[in-house]
Amino acid sequence: MAKVQLTESFEQMHDIYRKKYGNQRLFRSMRYKNGNEPVFYIGVPGLFIAIAISLITIITVYLLYQPFKWYVWVPYVIIAFFLFRISIKMDKVRQVRFMLWSLLDMAKQRIEKANETEGEELKANLAKAKEFLEKAHQFADEAAIPEQIAEIDKEMA
């Protein structure tokens, strides 16, 4: 059997996602269930929420030491409300992008592993890589993902 080629657009997309989102050390939203099954937690508090809470806490303590003024507190509460909403959305976006990078990376690893094997193990690795790419395609409309799925389908046929 011929080897499955990684398309150029898939390689470029993988590198972009790796550089931007692959280096999460703190607030990682992925855990492994049963040793090897990845589970992603989207929407849990992350880095932006931690920064927003720290900022709001510092400003609140400062304002508590000042004389009470309605024209300071009302805009402050409104701004704090919107700051939390925006930071939650930013965390979700970052977590989804991290999930996409993880799925793309796992698919790439499976394709590379499939290129080193033969027979049933080759088909199993390609099927798993295709599954990861289909999951990633549900969350992102990137042209490189269907191209890579088509490459896998050509080899599996």
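Preceding this paragraph is the structure being described.
Residues numbered from 1 in each chain as written. Predicted model: local features only at pLDDT ≥ 70, side-chain atom pairs only at ≥ 80, totals over all residues. Heavy atoms only, no water.

**Q** In this structure, what is going on with the packing of aromatic side chains? I would like to understand it.
**A** The geometry of an aromatic ring pair is captured by the separation of the ring centres together with the interplanar angle, meaning the angle of the planes. Inspection of every chain in the model, using the stated rule, returns six aromatic pairs. The interplanar angle of 50 degrees and the centroid separation of 5.9 Å between the aromatic rings of Tyr 17 and Tyr 21 together place this pair among those described as tilted. Linking Tyr 17 with Tyr 21, this pair stays in helix H1 (residues 8-21), spanning four residues, or about one helical turn. Ring centres 5.6 Å apart and planes at 90 degrees place the aromatic pair Trp 73 and Tyr 76 in the edge-to-face group. You can see Trp 73 and its partner Tyr 76 sitting in helix H3 (residues 70-115), three residues apart, about one turn around the helix. Tyr 76 matches Trp 73 in its accessibility class, with the two residues each being buried. Taken together, Phe 68, Trp 70, Trp 73 and Tyr 76 form an aromatic cluster joined through their ring pairs. (Phe/Tyr/Trp six-rings, centres within 6.5 Å; stacked < 30°, edge-to-face > 60°. Helix = DSSP H or I, 4+ residues; strand = E, 2+ residues; numbered from the N terminus. Buried < 20%, exposed > 50% of the residue type's maximum accessible area, 1.4 Å probe, protein only.)

**Q** When you look at helix H4 (residues 120-139) in this model, what are you seeing that I'm missing?
**A** One turn of the α-helix equals 3.6 residues, which is why residues spaced by three or four share an orientation. Taking 1.5 Å of rise per residue, the 20 residues of H4 would be expected to cover 28 Å, and the 30 Å separating its terminal C-alpha atoms lies within 8% of that figure. By the burial criterion, the buried members of H4 are Leu 122, Asn 125, Leu 126, Ala 129, Phe 132, Leu 133 and Ala 136. For H4, the angular spread of buried residues about the axis comes to 125 degrees, placing them on one side. Exposed and facing more than 90 degrees away from the buried side of H4 are Glu 120 and Gln 138. (Expected span 1.5 Å × (residues − 1). Arc of directions from axis to C-beta.)

**Q** I'm lost on the packing of H1 against H3 in this one. Help?
**A** Between two packed helices, the angle of one axis relative to the other and the distance separating the axes together describe the packing. At their nearest, the axes of H1 and H3 sit 9 Å apart, and the two run at 135 degrees to each other. Judged on the interaxial angle alone, H3 and H1 are oblique. For the crossing formed where H1 meets H3, the hand is left-handed. Across from Phe 10, Glu 11, Met 13, His 14, Tyr 17, Arg 18, Lys 20 and Tyr 21 in H1, the residues of H3 making contact are Arg 94, Arg 97, Phe 98, Leu 100, Trp 101, Leu 104, Asp 105 and Lys 108. Its residues placed into classes, the contact of H1 with H3 shows eight nonpolar, one polar and seven charged. (Axes fitted to C-alpha atoms, helices over the stretch in contact; angles between N-to-C directions. Parallel < 35°, antiparallel > 145°, perpendicular 65-115°, else oblique. Left-handed = near helix turned anticlockwise from the far one by under 90°. Contact = heavy atoms within 4.5 Å. Nonpolar A, V, L, I, M, F, W, Y, C, P; charged D, E, K, R; others polar.)

Nothing here speaks to function; it is all geometry.
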